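Summary of the model geometry
Chain residues, written in single-letter form:
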Amino acid sequence: MSKSVVSAIRKDYLYKLAQDGKRMDDRKFDEYRKITIEPGVITHAEGSARVRLGKTEVYAGVKLELGEPYADSPNSGVLITNSELLPLASPDFERGPPRENAIELSRVVDRGIRESGMIDFEKLCIEPGEKVWKVFVDLYVLDHNGNLFDACALAGLAALCTAKIPFERFGLGKDVPLPLATSPPISCTHVKFNGALMADPSLDEELIADARLTIALDEKSHFRAIQKGEAGSFTLDEVKEITKMAQSNVEKIRNIFKKAVKR
Amino acid sequence: MVKIKEIVVPGQLLDEGEIKPGQGAYRDRADGKIYASRLGVPLKRRDFINVIPLTGCYLPKPDELVIGIIVDVAPSYWIVDVNAPYPAVLHVNDVPWKVEFGETSKYLSIADVVLIKISRVSETEQIQVSMRDRNLRKFVGGQVIEIQPTKVPRVIGKKQSMIELVKRYLNVWIFIGKNGRIWLNGEGKSTRLAIKAIRQIEKEAHTEGLTDRIKEWLEMNKSENM
Amino acid sequence: MEKIKLIDEKGKRIDGRGAKDLRPIKIKVHPLNRADGSCYIEWGTNKIIASVYGPKEAQPKHLQDPLRAIVRCNYDMASFSVDERKRPGPDRRSSEISKVIGEALENAVLTNLFPRTMIEVNIEVLEADAGTRCTGLTAAGIALADAGIPMRDIPAACAGGKVDGKIVVDLRKEEDQAGDADLPIAILPRTKEILLMQMDGDLSEKEFYELLDLLADACINISEMQKKALLDRYKQEEDVEEDKETKGKKTENKEIKKEEE
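This section reports on the structure supplied with the text. Sequence order sets the numbering: in each chain, residues are counted from 1 along the sequence as written. Note on labels: chains are lettered from A, ligands numbered from 1, in written order. Under the rules for a predicted model, residues below a pLDDT of 70 receive no local features and side-chain atom pairs below 80 are neither given nor counted, while totals for whole chains, interfaces and linings still include all residues.

1. Considering the overall build of chain C
When helices and strands are counted, chain C shows four helices and eleven strands. Exposure criterion: with C-beta atoms placed from backbone coordinates, a residue whose C-beta has 20 or more other C-beta atoms within 10 Å is buried, one with 12 or fewer is exposed, and one in between is partly exposed. Taking all 261 residues of chain C together, the buried fraction comes to 55%. In this description a helix means any DSSP run of H or I spanning at least four residues, a strand means any run of E spanning at least two, and both kinds are numbered starting from the N terminus.

What follows is the structure, encoded as C-alpha cells:
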C-alpha cells in the first residue's frame, strides 16, 4: 500500500517541474523543509535528540561505556556510529543487520563528527592504553521521507552537544558534559536529476535521483566531509553550484541547531 | 464547530437484533450480538448494518476501474501494482494490442501507469486485470496522487457531485481509480488546487456539510486565481 | 546493600501511587507518515512506538497461509533505551516477546478476511521503564485500528506483581527489579479473554487471582484510553495532527482528562 516505486508519470512530472525551476512541494531548489531539533528526549541516555526534517523523523541516542582504546591511539576515547533503518520507517526496510545503505549512512555521519575535531578525544582518556570512554552514537530512523543523511547528522550532533559523561553511573564522581573542542560541522545533501540540482531531497526526488552529494562545512566554511552517492555523475561546475547552495544553507541550519542545543 | 458523523471503534456494540452484519461488522457467536470490526462510520442499509471504514486497504472487486503501476514484465504478461494486498496479472490476451511472445516490454514497461479493470479475483487471491475495454489505456502526462481507498466514495460524491464540483471550478481532467489512485491533468496552478481540494475532502470525509465547504473554498480560490 | 522500601506505611508506592494506580499515559495516533497505521505511547517513562504495514503480500511465498493472514511482530529495543547500552538488533528476549505479542494480536485480528497476506507489526522501544511489552502491545492495538485492520476488539495490556508483600498494578522499574512477582497480561477488553500471559516470581493462588482481577480492570481502563485516542484523532478541526495527544491518568474513578495543545 505504501510502495516506493516511482511511477513514470510521477517521474515525468518531477522532471517537467524541474525544467520550470519548481518542485512538487513548492520549495525552491535550494530550500530546506521545516527542521525541528529536540535534544534530551530520552531521559536515560547520556545524550539524545529527535529530529524532524519535513516528515522524515529520526532519533539519536548517545551512550557511553568504559573500554579499551584502539591500539593505534592509546590516548584517545573511541567513537562508534551506527544507524538502524527500522522496518517502521518504510515498507522497503526489512528487519536484519545493517546493509550497505545503513552502513554508508553511519560512516558518512561518523566522518562528519570525527573529522571536524568536534569531540576532544584526549579528554575521554582515563588511563592511557588501558581505559577510555567509548562514545556510541546510535541513529534510529522512524519515518523515511527523504534525506536521511542530513536528518541523522543533525540528530547525532544534537545528541552529542547535549550529552554528558556518566561518571555517576560508574561510581566515578559527578556527571560532566561531554567535552567538545569545536562547534560541529553541518552537512547538506543534494541530488541531481534531469540536470537539475536541488537541496534536501524529498522521498520521490531521492528515488529518481541520478546522483547525490553531501557536503559538511564547519564554521569557517571549510570542507570537513564529502560523500558522493548513486551511479550518476557531477561536473565540476555542478559541484561548485552545490557548494554555493550548501554555504548558504549551512548558515541557516547552524542557527536552528545552535538555538535548539543552546550553545 | 464542524459536526462529525458518529464514529465507532473495533469491538463496539452495534446491534442486538435480527439485522445482519455487513462490511466492517461481525456477529459474535458467543452472544449473537453484532460488533464493529473497524474504525468507521456505522450505516444501516436494507437489513445489514455496516461500518464504513475510515482507513484500510483496497480489496478489488470484478469490474472496478483502477489505476495500476507496472512493476514487472514477463514474456507473456505484466505484473501490476493495484494498491491491493495482492499483485495483479495483466495477460497479453487482455490488452488492445497483438503482443508477440517476449515483446511485452515494447508495449508497457516498468513504472508505466495504466487505467485497467479488475476482471476477476481467483480463489487463491490472484487478481486478473484487463485493458481490453475502449476507455482503458496507458496514462501519459499529467499527475498521479494517492488517497486512502476508503475515501474514494466521498471524493467522488453522490452521483459524482463532489468530483464534478472540483472539475467544473478548476477545469482539470480527473480520473479516480477505485483503488485510491487519482490521475489529474490540467494547467499547473489549477491542478495543484484540485489536489489541495481532494486532500481536504480526504481529511474531512467523516464530517457533515463537506460539499458546501468545498464549494465555498473553490469559489474563494477560483476568484483569487483570476 | 539496603533494600529499598517500595511501599510505605500508608500503602503509597515510591512514586506516590496507590496499589491500583497506573502511571501517566499519553497516546498519539498516526505519528508516522509511511506506515499504514502507527501509534506512539508514553507510559511512565516508557517511550514506545508501534507501526503496522499491511495486509500485504506474504513474502517469502512459503509463509503464506491459504486461509488467513499471518501476523508478524518485530519487537525491538533501541540501544539507548536502557541504562547500559544494548547491542542493536534482536536477541533472545526480544524474539520471545515478538512471538507472544504477535500471537496475542493474531487472536484479535479477523485474519480470515485476508488469506495469503501478512500483517507486519513493528514495535520499537525508545526508552524503557518496565512494562515495555504491555505498552508495545497496547500501542500495536491502536496502530492496527489506525491501519484499518479488522479486529474483534482492540487488545489492551498491563503488567502487575507483588511488591513488599502487596499486590500492585503497573510495576515501574524498581518494583519490577526488587519485587517478588511480575505478571504481564493482555486481554480482549469486551470478552476479557486472555491473549497474553506470562509470569515469573512467587504468587500464592489467592494472590494470583487477586492480581489477575486487578489487571483485567486496569486493561479495561486502558482500553477506554485507546478508543478515546482513536476517536479524538477525528475530532480535530485544523491540521494540528502532529501535536494532538490524548492523556490518560488512572484514578479509581476512571476520570480521563483530554489535554489540548
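2. Looking at the nonpolar core
A set of buried Ala, Val, Leu, Ile, Met, Phe, Trp, Tyr and Cys residues, joined to one another through C-beta atoms within 7 Å, is what we call a nonpolar core. In terms of nonpolar packing, the biggest core is built from 161 residues, with A:Val58, A:Ala155 and A:Ala158 touching the most fellow members. For this core, the element with the most residues is helix α3 (residues 148–161) of chain A, which contributes twelve residues. Two residues qualify as being in contact provided that their C-beta atoms, derived from the backbone, are within 7 Å of each other. Those residues in contact with A:Ala158 that lie beyond four places of it in its chain are A:Ile37, A:Pro39, A:Ala49, A:Val51, A:Ala60, A:Phe257, A:Ala260 and A:Val261. Of all hydrophobic cores here, the second largest spans 46 residues; its members include B:Val66, B:Ile69, B:Trp78 and B:Ile127.

3. A few points about the interface of chain A and chain B
Taken together, the contact between chain A and chain B spans ten residues of the former and twelve residues of the latter. Among the residues forming the side of chain A that touches chain B, the class breakdown is six nonpolar, one polar and three charged. Following the grouping adopted for this structure description, the nonpolar residues are Ala, Val, Leu, Ile, Met, Phe, Trp, Tyr, Cys and Pro, the charged ones are Asp, Glu, Lys and Arg, and the polar ones are all others, Gly among them.

4. Focus: the sheet that holds strand β2 (residues 20–21) of chain B
Residues and elements named next belong to chain B. On the basis of which strands lie adjacent, the open sheet formed by three strands has the order β2-β6-β5 and mixed pairing. In the strand order of this sheet, the two ends are held by β2 and β5 (40–45), each with one partner. The sheet contact formed by β5 and strand β6 (residues 48–53) spans six bridges and is antiparallel. When the bridges of β6 are listed, Leu43 appears paired with Asn50. What makes two strands pair is DSSP finding at least two bridges between them.

5. A closer look at helix α1 (residues 8–19) of chain A
Multiply 1.5 Å by the residue count of a helix minus one, and that product is the helix's expected span. Here α1(A) is twelve residues long and its end C-alpha atoms lie 16 Å apart, about the 16 Å a rise of 1.5 Å per residue gives. Within the span of α1(A), buried status applies to A:Ile9, A:Arg10, A:Leu14 and A:Ala18. Of the surrounding secondary structure, the elements contacted by the buried residues of α1(A) are β9 (186–193), β10 (196–199) and α4 (203–208) of chain A together with β10 (113–121) and β13 (143–146) of chain B. Where α1(A) terminates, the next one or two residues include A:Gly21, which has phi positive at roughly 75°.

6. Notes on unusual backbone geometry
Cis rather than trans, the peptide bond between C:Gly54 and C:Pro55 has omega equal to 0°. Mapped onto the fold, C:Pro55 is located in strand β3 (residues 46–57). Of note, the amide linkage connecting C:Gln59 to C:Pro60 takes the cis form, showing an omega dihedral of -5°. Mapped onto the fold, C:Pro60 is located in the loop between β3 and β4 (70–77). Backbone geometry places B:Glu125, a non-glycine residue, at a positive phi of 65°.

7. Let's talk about the packing of helix α3 (residues 161–170) of chain B against helix α4 (residues 188–203) of chain B
Residue and element names in this part refer to chain B. Angular values range over 0 to 180 degrees, each being the angle between N-to-C directions of two axes fitted as lines to C-alpha atoms, with helices fitted over their stretch in contact. Orientation of α3 relative to α4, taken along the N-to-C sense of each, is 155°, at an axis distance of 10 Å. Taken together, the axes of α3 and α4 lie roughly antiparallel to each other. As α3 packs across α4, the resulting crossing turns out to be right-handed. Two secondary-structure elements touch here, α3 through Met162, Val166 and Leu170 and α4 through Ser190, Leu193, Ala194, Ala197 and Ile201. Here the residues of the contact of α3 with α4 sort into seven nonpolar, one polar and no charged. Angles are sorted into four bins: roughly parallel if under 35 degrees, roughly antiparallel if over 145, roughly perpendicular if 65 to 115, and oblique for all others. Should the near helix be turned anticlockwise from the far one by less than a right angle, the crossing is termed left-handed; should it be turned clockwise, right-handed.

8. Details of the sheet that holds strand β12 (residues 223–229) of chain A
All names here are of chain A. The strand order across the open sheet formed by four strands is β10-β9-β11-β12, and the pairing between neighbours is antiparallel. One side of each edge strand has no neighbouring strand; the edge strands of this open sheet are β10 and β12. Sheet twist, expressed as the mean angle between neighbouring strand axes with direction ignored, is 20°. Across seven bridges, the pairing between β9 and strand β11 (residues 211–217) is antiparallel. Looking at the pairing, Ile186 lines up with Leu217 of β11. The sheet contacts of α3 involve β9 and β11, and relative to β9 the element is tilted by about 175°. The sheet contacts of helix α5 (residues 236–261) involve β9, β10 and β11, and relative to β9 the element is tilted by about 140°.

9. Looking at the interface of chain C and chain A
On the side of chain A, 30 residues touch chain C, which itself brings 24 residues to the contact. Counting only elements with at least two residues in the side of chain C that touches chain A, the list comes to β3 and β5 (117–127) of chain C.

10. Side note on the environment of B:Thr191
Residues and elements named next belong to chain B. Here Thr191 shows up in helix α4. On the basis of neighbour count, Thr191 is assigned to the buried category, with 21 C-beta atoms found within 10 Å. Spatially, the C-alpha atoms of Thr191 and Val66 are 20 Å apart, while their sequence positions differ by 125 residues. Filtering out sequence-adjacent residues up to four positions away, Thr191 remains in contact with Gln143, Val172, Leu184 and Gly186.

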